[in-house]
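# Fold and contact review
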Amino acid sequence: MTAQKINAERIVLLGWSRAILLQMAHPLIAAGGVEHSHFRAGAMATGARLRSTVRSMLALTFGDAATHGRAIAAIRAIHDRVNGRLRRTVGPFAAGTPYSANDPALLLWVHATLLDSVVLAYDSMVAPLSAGERDAYCRDAAPIAVELGAPADEAPTSWASLQQYLADEFASGRITVGDDARVVAQAVLYPPLPALTGPVASVNRLVTAGWLPDRLRGEYRLAWNGGRARQLALTVRWLRTLRRLCPDFASHWAPARA
């Protein structure tokens, strides 16, 4: 499966922060992120959240049917607890608009932004994917999105349909960065314990800002110029070389090696 090929790579984690910022650019998702997650809860909570997310991804990609089912149930249980109302007006969403992590439209946005970001990271730092592989990745991932509650007839099953969906959402006016999204972005891009996370966090900030669409980068107030763009190109080239030299036992997750 193409999903196993792509999700085996540890390095594609560098695409996750971009996915999170894209997701939080939807005001209803950002409200849930600020009010119900542990983005601001300190180093231990941040590390635990990342480990839990990685375990879920590996279970869904490489686990047997029972492991897969338990992962879906655990994610849905978390989603059941995430609901509320928007505290202030953001973009087209008025204060008081209800939100829920089980909203099919929000689940679809989360799914699509993660697919797009992971493929971008793989293309940039591992190897370019063919058109057929991109389509296969969308097909592999669609059933998981549906199991989590995304609309079965809207989950993209090709790269073209994924890109069309993203373009339509960006043009809809619904994707707009508010204060909640900026709070989450600060926590993601500037994690706790900078003495330990400094070099990795610096690379993460650079690739995340560089890979965001121009409009959203500006709305997140992330500085960007020609010098930063050149730095991004050099950093990605260095990471691609590092991955090429790194043996699979170090670059692949253990379930993928098994």
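Residues numbered from 1 in each chain as written. Predicted model: local features only at pLDDT ≥ 70, side-chain atom pairs only at ≥ 80, totals over all residues. Heavy atoms only, no water.

## A look at the overall build of the chain
Helix and strand counts for the chain stand at 14 helices and 2 strands. Its C-alpha atoms give the chain principal-axis dimensions of about 50 × 45 × 40 Å. Restricting the contact set of the chain to residue pairs at least 6 apart, pairs at least 24 apart contribute 72%. A total of about 12,500 Å² of accessible surface is found on the chain, and carbon and sulfur atoms cover 59% of it. Averaging the locations of the 28 positively and 20 negatively charged side chains of the chain gives two centres separated by 10 Å. (Helix = DSSP H or I, 4+ residues; strand = E, 2+ residues; numbered from the N terminus. Contact = heavy atoms within 4.5 Å. Areas by Shrake-Rupley, 256 points an atom, 1.4 Å probe, with all protein chains shown as cover. Lys, Arg positive; Asp, Glu negative; His and termini not counted. Charge placed at Lys NZ, Arg CZ, Asp CG, Glu CD.)

## Some remarks on the side chain of Thr235
Locating Thr235 in the fold gives a position in helix 12 (residues 226–245). Among the residues examined, Thr235 registers a relative accessible area of 14% and is labelled buried. Here Thr235 is in contact with Val203 and Leu206, once residues within four sequence places are set aside. (Buried < 20%, exposed > 50% of the residue type's maximum accessible area, 1.4 Å probe, protein only.)

## Focus on the nonpolar core
One finds Leu21, Met24, Met125 and Tyr220 to be the most contacted residues of the largest nonpolar core, which totals 63 residues. Counting residues per element, this core draws most heavily on helix 6 (residues 104–125), which supplies 11 residues. Leave out the neighbours within four places in its chain, and Leu21 touches Ala185, Val188, Leu189, Thr208, Leu212, Tyr220 and Leu222. Grouped together as the second largest cluster of nonpolar side chains are 6 residues, Ala59, Leu60, Ala71 and Leu148 included. (Core = buried A, V, L, I, M, F, W, Y, C linked by side-chain atoms within 4.5 Å.)

## Section: the layout of surface pockets
Roughly 190 Å³ of volume is contained in the second largest pocket. Per-element tally for the lining of the second largest pocket: the top contributor is helix 9 (residues 179–189), with 4 residues. Residue composition of the lining of the second largest pocket, grouped by class: 7 nonpolar, 1 polar and 3 charged. (1 Å grid on protein atoms, 1.4 Å probe; cavity = no way out; pocket = protein on both sides within 12 Å on 5 of 7 lines; lining within 4 Å. Points joined across faces, edges and corners; volume = space filled by probe spheres on them. Nonpolar A, V, L, I, M, F, W, Y, C, P; charged D, E, K, R; others polar.)

## A look at the packing of aromatic side chains
The full count for this structure, using the stated rule, is 2 aromatic pairs. Consider the rings of Trp109 and Tyr165, whose centres lie 6.3 Å apart with planes at 55 degrees: the pair is tilted. On the criterion of sequence distance, the pair formed by Trp109 in helix 6 and Tyr165 in helix 8 (residues 159–172) is long-range, its members being 56 residues apart. As far as burial versus exposure is concerned, Trp109 and Tyr165 are alike and both buried. Taking 5.7 Å as the distance between ring centres and 85 degrees as the angle between the ring planes, the aromatic pair formed by Trp109 and Phe170 counts as edge-to-face. Within this pair, whereas Trp109 is found in helix 6, its partner Phe170 is found in helix 8, the two being separated by 61 residues in sequence. For Trp109, a relative accessible area of 0% corresponds to the buried category. Judged by relative accessible area, Phe170 falls into the partly exposed class, the value being 28%. Within the aromatic cluster, the residues linked to one another by ring pairs are Trp109, Tyr165 and Phe170. Here Arg134 stacks its cationic end above the ring of Trp159, 4.7 Å away from the centre of that ring. (Phe/Tyr/Trp six-rings, centres within 6.5 Å; stacked < 30°, edge-to-face > 60°. Lys NZ or Arg CZ within 6 Å of the ring centre and 35° of its normal.)

## Considerations on the pattern of salt bridges
Scanning all chains against the criterion turns up 11 salt bridges. Between Asp116 and Arg18 there is a salt bridge, with its nearest N and O atoms 2.9 Å apart. Taken together, the residues span a long stretch of sequence, with Asp116 in helix 6 and Arg18 in helix 2 (residues 16–24) at a distance of 98 residues. Residue classification places Arg18 among the buried positions, given a relative accessible area of 7%. (Salt bridge = Lys/Arg side-chain N within 4 Å of Asp/Glu carboxyl O.)

## Let's talk about empty space enclosed by the protein
One pass over the full model with this rule turns up 1 cavity of 30 Å³ or more. Volume-wise, the largest cavity comes out at about 60 Å³. Contributing to the lining of the largest cavity are Pro27, Ala30, Leu86, Arg88, Val90, Gly178, Asp179, Asp180 and Ala181. Secondary-structure elements contributing two or more residues to the lining of the largest cavity are helix 3 (27–36) and helix 9. In terms of residue class, the lining of the largest cavity is built from 5 nonpolar, 1 polar and 3 charged.

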